[in-house]
Amino acid sequence: MKKIGILTSGGDAPGMNAAIRAVTRTALVNNIEVMGIYKGYMGLHEGEILPMDRRSVSDIIQRGGTILKTARFPEFKDLAVREKAAQVLKIYGIEGLVVIGGDGSFMGAKGLSELGIQTIGIPGTIDNDLAYTDRTIGFDTAQNTVIDAINKIRDTSSSHQRVSVVEVMGRDCGDLALYAGLAGGATTILVPERKYTDEEIIKTVMDGRRQMKHHNLVVIAEGVGNSHEIAKKIEDVSGIETRATVLGHIQRGGAPTAFDRVLASKMGHRAVELLMEGKSGRVIGTVKGDIVDYDIHEALSVKRPFNEKLYQIAMDLV
Ligand code: ADP
């Protein structure tokens, strides 16, 4: 292996830069050239590719976002577009490719590996929605961002004895709501993996009021429904002033936590090792603290059951 490429794709996540740094420096230390591919698969298709050296990745381990930029490029589902991208890689002499992104990006990586490009995926998404790995890069930072926001909302809501509904990201995965809800002391946690009736939601708020709680915090995952509508229903039925806050893109930004930096460094390092071992079509994960790798297809077909135990703990501690 003489030359590899690296790109970030799909939604950005804090810690992607730490992974770019780890891949670049591990490759360079092993005398492998590194090419940075800008704007995900779009930049690959258009040939937006520049060489990287040790200094290209200086001073980025602590920065959110991705220095390689990212993009959504649905055209990559088209075989002819992927074939052109594979041709671009050949022209640049890039023998191996590291893709940092979520499940969509992994589908693109799988498509490239089927065209003979040695490809390794690193999970970078704040959603933690890749079931084959215990953690994705960015999830820990996003949890801490949500908790910070909850703390601030709690100050003002307790003063006014309001109910606050806080909507967090996660698409169809309730992990961010569950973990941040538990850590933020939520009275109600609504996730897409569980069904709720309006009556149940309102009952928890009324129970809180009966227990003389000054503040009721409802954390809701974006996949559950419209948080403003839920807030209105709570207010209409309970008579308690209720405000919804959609945290939105604030959850994607910020300096990565130490956990995410270490995870990204380990995964980036392993990605280059796998390329040097001649592996392709694999994705890296972490299981019980160990760094592991799986076939992309196998990894994407894993369904992780919802963490009922953690949900029960959160509810017992209300
Ligand atoms: P994420 O990687 O965060 O899940 P997306 O689902 O938007 O984000 O996917 C990122 C990019 O991966 C897409 O814009 C597209 O370029 C590529 N991609 C997604 N799905 C496929 C697919 N089925 N085949 C090939 N490429 C895909």
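Cut-offs used in this document
Residues numbered from 1 in each chain as written. Predicted model: local features only at pLDDT ≥ 70, side-chain atom pairs only at ≥ 80, totals over all residues. UniProt positions renumbered as here; feature names shortened; annotations may be inferred. Core = buried A, V, L, I, M, F, W, Y, C linked by C-beta atoms within 7 Å. Buried ≥ 20, exposed ≤ 12 C-beta atoms within 10 Å, placed from the backbone. Domains from an automatic or database assignment. Contact = placed C-beta atoms within 7 Å. Near = placed C-beta within 6 Å. Helix = DSSP H or I, 4+ residues; strand = E, 2+ residues; numbered from the N terminus. Nonpolar A, V, L, I, M, F, W, Y, C, P; charged D, E, K, R; others polar.

The name recorded for the chain in an unreviewed UniProt entry is ATP-dependent 6-phosphofructokinase, from Proteiniclasticum aestuarii. Within the UniProt record for the chain, the comment given under Cofactor (unreviewed entry) is "Mg(2+)".

**A look at the nonpolar core**
Membership of the largest hydrophobic core comes to 85 residues, with the highest contact counts inside it found for Ala19, Val98, Val168, Leu176, Ala177 and Val219. Taken domain by domain, the makeup of this core includes at least three residues from each of domain 1 (3-138 + 256-301) and domain 2 (140-252). Apart from the residues lying within four places of it in its own chain, the contact partners of Leu176 are Ile126, Asp127, Asn128, Phe139, Ala142, Gln143, Val146, Val168, Met169, Gly170 and Ala221.

**With respect to the site of the ligand**
Around the ligand lies a shell of 18 residues, among which Gly10, Gly102, Gly104, Ser105 and Gly108 are the nearest. With six residues, the top contributor of residues to the shell around the ligand is helix 4 (residues 103-114). Along the lines of polarity and charge, the residues of the shell around the ligand split into five nonpolar, ten polar and three charged.

**Some points on the environment of Gly43**
Secondary-structure assignment places Gly43 in helix 2 (residues 40-46). Gly43 sits 30 residues away from Phe73 along the chain, and the two C-alpha atoms are 9.3 Å apart. Setting aside anything within four residues of it in sequence, one finds Gly43 in contact with Leu7, Ile37, Tyr38, Glu48 and Ala71.

**Quick notes on the UniProt feature "binding site: ATP" (unreviewed entry) in the chain**
With numbering matched to this structure, UniProt assigns "binding site: ATP" (unreviewed entry) to Gly11, Arg72, Phe73, Gly102, Asp103, Gly104 and Ser105. These annotated residues cover 95 residues of sequence, but their C-alpha atoms sit close together, with the largest distance between any two at 13.8 Å. The topology assignment puts Asp103 in helix 4. Of the residues examined, Asp103 has 20 C-beta atoms within 10 Å and is grouped as buried. In this view, Asp103 contacts Asp129, Leu130 and Leu300; residues no more than four positions away in its chain are not counted. Tracing the backbone shows Gly104 in helix 4. The exposure class of Gly104 is partly exposed, given the 19 C-beta atoms found within 10 Å.

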